[in-house]
Amino acid sequence: MGAFTPWRGAKEVSGVAFVVAQEVPTSSSMAVPHGPAGVGQARHRMREQLRGRGMSDAVVDDAVLILSELLSNACRHGRPLGHGEIGDGDVRAAWEVDGAGRLTVEVTDGGGPTRPVPATPSVTARGGRGLNIITSLAQDWGVRDSSSGEVTVWVLVTEGHRHEDFSTRVAVPELDFSDAFDQIDDLG
């Protein structure tokens, strides 16, 4: 990480437009407070940088959603880096665009009592769908453990992987309301 690609933008001064060279990073890494406070800042920074690199809106939108899910999971299930108390300390968010235009998003925390695995939540569950959403948006994803106990969840996002309709990307369990209606009929 750390390479930069030149980008040209226009700047108007006293009615005259000047073309200025700006550096748009191909990668970024930032400390995010362990908790909801920094998620918005991380999302904004990612969106701005990826748009500056010319990434499509579809990839940017998916990447921002993925980053949100990863940060939420890290704050809910993982410890901050350095093994501080929950709600105290940071996790690390990073993203990188390689030479082929593939985007890798990573979130690293201090580890936790469970491994990141997709769940099968009930229809009424308030959570548990994050990794299923990531699976439907990403070309690939996985988990890396370090010898110091840190856990990194990485996600590969590419242009051609996104489906047109989000509902076709997220598996929802079959709903069967017939028992509920049978019980209502029995009452009447």
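Residues numbered from 1 in each chain as written. Predicted model: local features only at pLDDT ≥ 70, side-chain atom pairs only at ≥ 80, totals over all residues. Heavy atoms only, no water.

### So, the nonpolar core
Phase 1: Leu50, Leu67, Leu71 and Leu103 are the most contacted members of the largest nonpolar core, which has 32 residues in total.
Phase 2: Among the elements of the structure, strand 3 (27–33), helix 1 (39–52), helix 2 (57–77), strand 4 (90–97), strand 5 (103–109), helix 3 (130–137) and strand 7 (151–157) are those that each provide at least two residues to this core.
Phase 3: Ranked by the residues each element gives to this core, the list is headed by helix 2, at nine residues.
Phase 4: For Leu67, the residues in contact, after removing those within four places along its chain, are Ala42, Arg43, Met46, Ala93, Trp95, Val105 and Val107. (Core = buried A, V, L, I, M, F, W, Y, C linked by side-chain atoms within 4.5 Å. Buried < 20%, exposed > 50% of the residue type's maximum accessible area, 1.4 Å probe, protein only. Helix = DSSP H or I, 4+ residues; strand = E, 2+ residues; numbered from the N terminus. Contact = heavy atoms within 4.5 Å.)

### What to know about the pairing of strand 5
Phase 1: When you tally the buried positions in strand 5, you get six out of seven residues, the bulk of the element.
Phase 2: Inspection of the sheet shows strand 4 paired to strand 5 by six bridges, in the antiparallel sense. Across the sheet, the residue bridging to Ala93 is Val107, located in strand 5.
Phase 3: Where strand 4 folds back on strand 5, the antiparallel hairpin that results is connected by five residues, among which Gly101 adopts a positive phi of roughly 85°.
Phase 4: Alignment of strand 5 against strand 7, held across seven bridges, turns out to be antiparallel. Paired with Leu103 across the two strands is Val157, which belongs to strand 7. (Pairing = 2+ DSSP bridges.)

### Brief notes about helix 3
Phase 1: With six of its eight residues buried, helix 3 lies for the most part within the structure.
Phase 2: Where helix 3 is buried, its residues contact helix 2, strand 6 (140–145) and strand 7.

### Some remarks on the sheet that holds strand 3
Phase 1: The five strands are arranged 3-4-5-7-6 in an open sheet whose pairing can be described as antiparallel. Edge positions in the sheet fall to strand 3 and strand 6, since each has one partner strand and no second. Strand-to-strand, the axes of this sheet are offset by a mean angle of 15°, without reference to chain direction.
Phase 2: Running over the sheet, helix 2 touches strand 3, strand 4, strand 5 and strand 7 and is turned about 10° from strand 5. (Axes fitted to C-alpha atoms, helices over the stretch in contact; angles between N-to-C directions.)

### Description of the confidence of the model for the protein
Phase 1: Confidence in the prediction for the protein averages 76 pLDDT; 66% of positions are at 70 or higher.
Phase 2: Predicted confidence is poor over residues 1–11, with pLDDT under 50, and the contacts of this stretch with residues over four places away or in other chains come to 35 contacts.
Phase 3: Counting interchain partners and residues more than four positions distant, the pLDDT-below-50 stretch residues 163–167 has five contacts. (pLDDT = per-residue confidence, 0-100.)

### Digging into the packing of helix 2 against helix 3
Working note: a packed helix pair is described by the angle between its axes plus the distance between those axes.
Phase 1: Axis separation between helix 2 and helix 3 bottoms out at 10 Å; the angle between their running directions is 150°. Between helix 2 and helix 3, the angle is such that the two are roughly antiparallel. Here the hand of the crossing between helix 2 and helix 3 comes out left-handed. Touching Asp62, Leu65, Ile66, Glu69, Leu70 and Asn73 of helix 2 are Gly130, Leu131, Ile133, Ile134 and Leu137, all from helix 3.
Phase 2: Residue classes in the contact of helix 2 with helix 3 are distributed as seven nonpolar, two polar and two charged. (Parallel < 35°, antiparallel > 145°, perpendicular 65-115°, else oblique. Left-handed = near helix turned anticlockwise from the far one by under 90°. Nonpolar A, V, L, I, M, F, W, Y, C, P; charged D, E, K, R; others polar.)

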